[in-house]
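# Descriptive structure summary
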Amino acid sequence: MISKVHPGNFFEDFTIGMTFRHATPRTLTEGDRSLYIGLTGTRSVLGTAETNSAALGLDRRPMDDLLVFNIAFGKTVADISLQARGNLGYADVRFLDHVYDGDTLSVESTVIGLKENSSGETGVVYVRSTARNQLGRDVLTWIRWVMIAKKDTATPCPIAIVPDLPSSVAIKDLGAKVFGPGARNIADLTNRSTYWEDYEPGERLDHILGVTLYQSDHSIATRLYQNNARGHFDGVLMNGRPLIYGGHIMSVANAIAYDGLENSLGLLAINGGTHVAPTWSGDTIRCATHVLDRLDFGDADVGALRLRTIVAKNIDSALQIAFPDCSGGRARHENSVVLDLDYTLAFPKRPAA
Amino acid sequence: MISKVHPGNFFEDFTIGMTFRHATPRTLTEGDRSLYIGLTGTRSVLGTAETNSAALGLDRRPMDDLLVFNIAFGKTVADISLQARGNLGYADVRFLDHVYDGDTLSVESTVIGLKENSSGETGVVYVRSTARNQLGRDVLTWIRWVMIAKKDTATPCPIAIVPDLPSSVAIKDLGAKVFGPGARNIADLTNRSTYWEDYEPGERLDHILGVTLYQSDHSIATRLYQNNARGHFDGVLMNGRPLIYGGHIMSVANAIAYDGLENSLGLLAINGGTHVAPTWSGDTIRCATHVLDRLDFGDADVGALRLRTIVAKNIDSALQIAFPDCSGGRARHENSVVLDLDYTLAFPKRPAA
Amino acid sequence: MISKVHPGNFFEDFTIGMTFRHATPRTLTEGDRSLYIGLTGTRSVLGTAETNSAALGLDRRPMDDLLVFNIAFGKTVADISLQARGNLGYADVRFLDHVYDGDTLSVESTVIGLKENSSGETGVVYVRSTARNQLGRDVLTWIRWVMIAKKDTATPCPIAIVPDLPSSVAIKDLGAKVFGPGARNIADLTNRSTYWEDYEPGERLDHILGVTLYQSDHSIATRLYQNNARGHFDGVLMNGRPLIYGGHIMSVANAIAYDGLENSLGLLAINGGTHVAPTWSGDTIRCATHVLDRLDFGDADVGALRLRTIVAKNIDSALQIAFPDCSGGRARHENSVVLDLDYTLAFPKRPAA
């Protein structure tokens, strides 16, 4: 009898074009939102009050983008990354529509690239994943690539196919989420009159808060996402130090970055991201942000800010974070750095005087 | 003036036939579900999405059975087990109906057995407890027995009455919860085509995940259940090691056992259970399952699997778990074992070809 | 370019009469309630079941008062106390109306007092804050005073203005929250027949439960309140010992004090409160309560009990807690004491025989 307990897929199990409809769909609720607030401290204006989203022109209060991302990501783990040796990167992550209380997300993935590593022990799998709501509308799509163990180093492997990854989400693809003209009323809610036009490429934001991460809060977060990757939960396997799920770092950093970016309407895209180093319980994270670009995707009321946020651990101040050049490959980071994220936020344009 | 702070009932305070209507009823909500997902990592198909339960033929998405059990159990603590020296066992636990968002449960208990221990310091109290929803319908009933301190060792005690406990829930009592013919569609949601017919008595499942338990997550869980037993919260009383509530172990083990039992429709019964040894913060639990029996309770679409799951702590792999014989009394377990649970799941029958 | 990251206001930034409309409004949901139950263990009769609040004559199940208080308080931190050196006290805290699932609270504060300390390094800021629901009705108002750092010790400061603080909320102000005649049915729910008339001034209640506090649970609570005060989260800043937010101590103590006060209908007022000493992860808190007064504010069915609860840490029993005289100034407390709270609960009057 074949064991009914599936250990996840190994590198040899993947083929180009293979598609997974991940188990199972998930309904998001106000309970998920409250727990997400408790775990991350998010103060996002659209997510914090029904009256906020109404004032800004939305019918209902959307869920935080990274709550949606992490839940959708969690769905892919059992099929894609249970045998992962490392999560290598993200590209072309697009937030396509708002997700609301009661929406149910279904997630599918397609293998778009495969490349065995020279060691013969692992290979890199590239997948495009998409989350769709109960109305059949795409709400999120992303590419990630991950290093997966081979079951048998002797297995012959396919010719390498590496997909062409965009260095950033195209401007024409930023306008999928709809915001209303009410977005310009945001200062009434946040008391901040910093609009899209006020951020200059090259400008730096040193966020105030440092947040120490603990075993219970990171593991509760990862369970909330129904992410069953063993390394985040199993202290015996991990020699007493379960690894903190990288998506939790993204969420906490996003909440820290509220200070200085109060008028954000949320994520439009993640252009790229690298988990530079692991984090464990007891680590304290801080972050700083560089404004990379101010982008106009043709919406009368809302523009886009392309930002780079670097998260570091166990330093005294965000002022200590360096922003090494990352053109022409991977940036050379200081030892304290754990995440280098390039992403694009929706920001209201300045109201007419 | 008599103190208004009640220390709970001692062994002498109980009499056969005594009935408690426990304080107070509790409404379950989507908030409870989300927190339960975060604390246990449950991926149960019926509980994870409204579209799942609809596809399987239910009007609404039911709450996880062990969330219901633990909340109902928590209600009994103040009256039954505040002076408990140990929770000795469960029998005849029957899950009688689905519980939904917004349902309010009221819990009552009746004393069905009393037996003083030879030491004269404690006695065993047997109670039958039942949880009823706001429509007056029973949703859960169970027997437990617990060792309770005597207030005064000199107090004369009643003649021992020990109830006749069934070794398992009768087959005729398994069909109370209603599932629809849609249950056979389950593989569309879980990607697993293992049905009731596919599990063979004697078959073994070694579940993958190990989960380390921490102070905050077990105490948040126990508080969520409004279980006020002191030993789970009070580090001074417990010399720095609050005991993890046994129901939390059952919930986490149930979530771990998803791998290999993906098509479970939830619990029909717990036939018996023993908390073999205590667990504390820092312990990592694993579990393995034996299929005991495949039972047909006369439903066209759904059958029952009787299973035995053994939970052990701080071992390297579920493969190390032994299944000692438990006929004729209590099984002799290895030191690592913390829970030995005999229970019955609802499983869809294989669709016609 | 002026930094977009605001460090919070310093003592010099405040002027008498200055008003803040805090960012941003917050919608409370059943998710917040569930998490609050998990974090505090509250068993409050009105908050635990829809059928409870209906039986007691309310249309809907209100949120716990201290959940409302802590969320409203959290909103004030970014403007008032980000540069706080200490939270010195509360006065005239009035709970004016019930808050329900889906209600959105907006919070405003006005500076009512300013007094530089003799050191020239800090000053005391007194603010009156008020939380209003989406219908424009006040649900909570309070005064607090807090020690705030000066940006520059050389800055000249205004003449001291210290507001006249009431030693307790006036009896005529206790009747704002409406309860129904059904309140007298409470014993049917709680199994306790202790009514307003049964509590005597001078009576003492030694609450049973001791609760050890851990890093994850206190920081999740404080994040749930969107309270972004750095000292509660930042282990580097706090030398490995983040300070537990005082409002969390109030919430946990309130939940512990359920035993002996089961028929409480919730808070009408906090007359005064002092966080006598800090608490950290690992501390175990206990509390005892003195009945100060029994007040009749003219409601046929509901009276008020003025109570003093003292919370101490790392002691063996609530019996060890002393109640030093606090007339004529601050009480001299033992080293174990962390909170001395003077507050007023709504309690049902005894039903006619």
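The numbering scheme is per chain: residues are counted from 1 as the chain's sequence reads. Following the order in which they are written, the chains are lettered starting with A and the ligands numbered starting with 1. Only residues with pLDDT of at least 70 get local features here, since the model is predicted, and only at 80 or more are side-chain atom pairs given and counted; chain-wide, interface and lining totals rely on the full set of residues.

## Quick word on the overall build of chain A
- Of the regular secondary structure elements, chain A holds 7 helices and 12 strands.
- Computed over C-alpha atoms, the radius of gyration of chain A comes to 20 Å, within 12% of the 20 Å expected from 2.2 N^0.38 for 353 residues, which places it in the range of a compact globule.
- Exposed residues have 12 or fewer other C-beta atoms within 10 Å of their own C-beta, buried residues have 20 or more, and partly exposed residues fall in between, where C-beta atoms are placed from the backbone. Sorting the 353 residues of chain A into buried and exposed places 59% on the buried side.
- Contact between two residues is assigned when their C-beta atoms, built from the backbone, lie within 7 Å. Considering only residue pairs separated by 6 or more positions, chain A has 80% of its internal contacts joining residues 24 or more positions apart. Strands here mean DSSP runs of E at least two residues long; helices mean DSSP runs of H or I at least four residues long; both are numbered from the N terminus. In this description the radius of gyration comes from C-alpha coordinates, and the expected globular size is given by 2.2 Å times residues to the power 0.38.

## Here's the deal with the interface of chain A and chain C
- Counting residues at the interface gives 41 residues for chain A and 34 residues for chain C.
- Sorting the residues of the side of chain A that touches chain C by element identifies α1 (30-40), α2 (45-48), α3 (50-55), α5 (187-190), β7 (204-206), β8 (211-212) and α6 (215-224) of chain A as the ones contributing at least two each.
- Among the residues making up the side of chain A that touches chain C, the classes are represented as 11 nonpolar, 18 polar and 12 charged. Side-chain classes follow a simple rule in which Ala, Val, Leu, Ile, Met, Phe, Trp, Tyr, Cys and Pro form the nonpolar group, Asp, Glu, Lys and Arg form the charged group, and the remainder, Gly included, forms the polar group.

## A few points about the interface of chain B and chain A
- With 41 residues of chain B at the contact, the number on the chain A side is 34 residues.
- Mapped by element, the contributors of at least two residues to the side of chain B that touches chain A are α1 (30-40), α2 (45-48), α3 (50-55), α5 (187-190), β7 (204-206), β8 (211-212) and α6 (215-224) of chain B.
- Ranked by residue count, the leading element in the side of chain B that touches chain A is α1 of chain B, at 9 residues.
- Its residues placed into classes, the side of chain B that touches chain A shows 11 nonpolar, 18 polar and 12 charged.

## A closer look at the relation of the copies chain B and chain A
- Mapping chain B onto chain A calls for a rotation angle of 120 degrees and an axial translation of 0.0 Å; the resulting RMSD is 0.0 Å. Here the copies are linked by what is in effect a three-fold axis. Minimal C-alpha distance to the rotation axis in chain B is attained by glycine 31 of chain B, lying at 2.2 Å.
- When the interface residues of chain B are mapped onto chain A, a mere 12% of them again fall at the interface, so the copies present different faces. Least squares is the method for superposing the copies, and the C-alpha atoms it fits come from residues with pLDDT of at least 70 in both.

## Things to note about the domain arrangement of chain A
Residues and elements named next belong to chain A.
- Note that the domain bounds reflect an automated or database-derived domain assignment. Partitioning chain A into domains gives domain 1 (9-28 + 63-150) and domain 2 (185-353).
- Of note, the centres of domain 1 and domain 2, computed from C-alpha atoms alone, are 20 Å apart.
- Listed as interface residues are 20 residues of domain 1 and, on the opposing side, 19 residues of domain 2.
- Taken together, the elements giving at least two residues each to the side of domain 1 that touches domain 2 come down to α4 (65-80) and β3 (84-95).
- The biggest single contributor to the side of domain 1 that touches domain 2 is α4, with 10 residues.
- Residue composition of the side of domain 1 that touches domain 2, grouped by class: 11 nonpolar, 5 polar and 4 charged.

## Observations regarding the confidence of the model for chain A
- pLDDT runs from 0 to 100 and stands for how confident the predictor is about each residue. Residue-level pLDDT values for chain A average 95, and 99% of them are 70 or greater.
- Interface predicted TM-score (ipTM) for the complex: 0.97; the corresponding pTM is 0.98.

## Looking at the nonpolar core
- Each nonpolar core reported here comprises buried Ala, Val, Leu, Ile, Met, Phe, Trp, Tyr and Cys residues connected via C-beta atoms within 7 Å. Val125 of chain A, Val125 of chain B together with Val125 of chain C are the most contacted members of the largest nonpolar core, which has 309 residues in total.
- Each of domain 1 (9-28 + 63-150) and domain 2 (185-353) of chain A gives at least three residues to this core.
- In this structure, valine 125 of chain B is in contact with Phe11, Phe14, Ile80, Val111, Leu114, Trp145, Val146 and Ile148 of chain B, ignoring residues within four places of it in sequence.

## Examining unusual backbone geometry
- Each neighbour pair has its own omega, and for alanine 23 of chain B with threonine 24 of chain B the value is -25 degrees, a cis peptide bond.
- Residue position: threonine 24 of chain B is located in the loop between β1 (19-21) and β2 (26-27).
- Unlike most non-glycine residues, asparagine 314 of chain B shows phi in positive territory, near 60 degrees.
- Within the element layout of this structure, asparagine 314 of chain B appears in the loop between β11 (302-313) and β12 (337-348).
- On the basis of neighbour counts, which here come to 17 C-beta atoms within 10 Å, the residue asparagine 314 of chain B falls in the partly exposed class.
- Here the phi dihedral of glutamine 226 of chain C falls at roughly 50 degrees; this positive angle occurs in a residue that is not glycine.
- For glutamine 226 of chain C, the position within the fold is in the loop between α6 (215-224) and α7 (246-256).

## Here's the deal with the relation of the copies chain A and chain C
- Least-squares fitting of chain A to chain C yields an RMSD of 0.0 Å, with the transformation described by 0.0 Å of translation along the axis and a rotation of 120 degrees.
- A different interface surface on each copy is seen, since only 12% of the contact residues of chain A are contact residues in chain C too.

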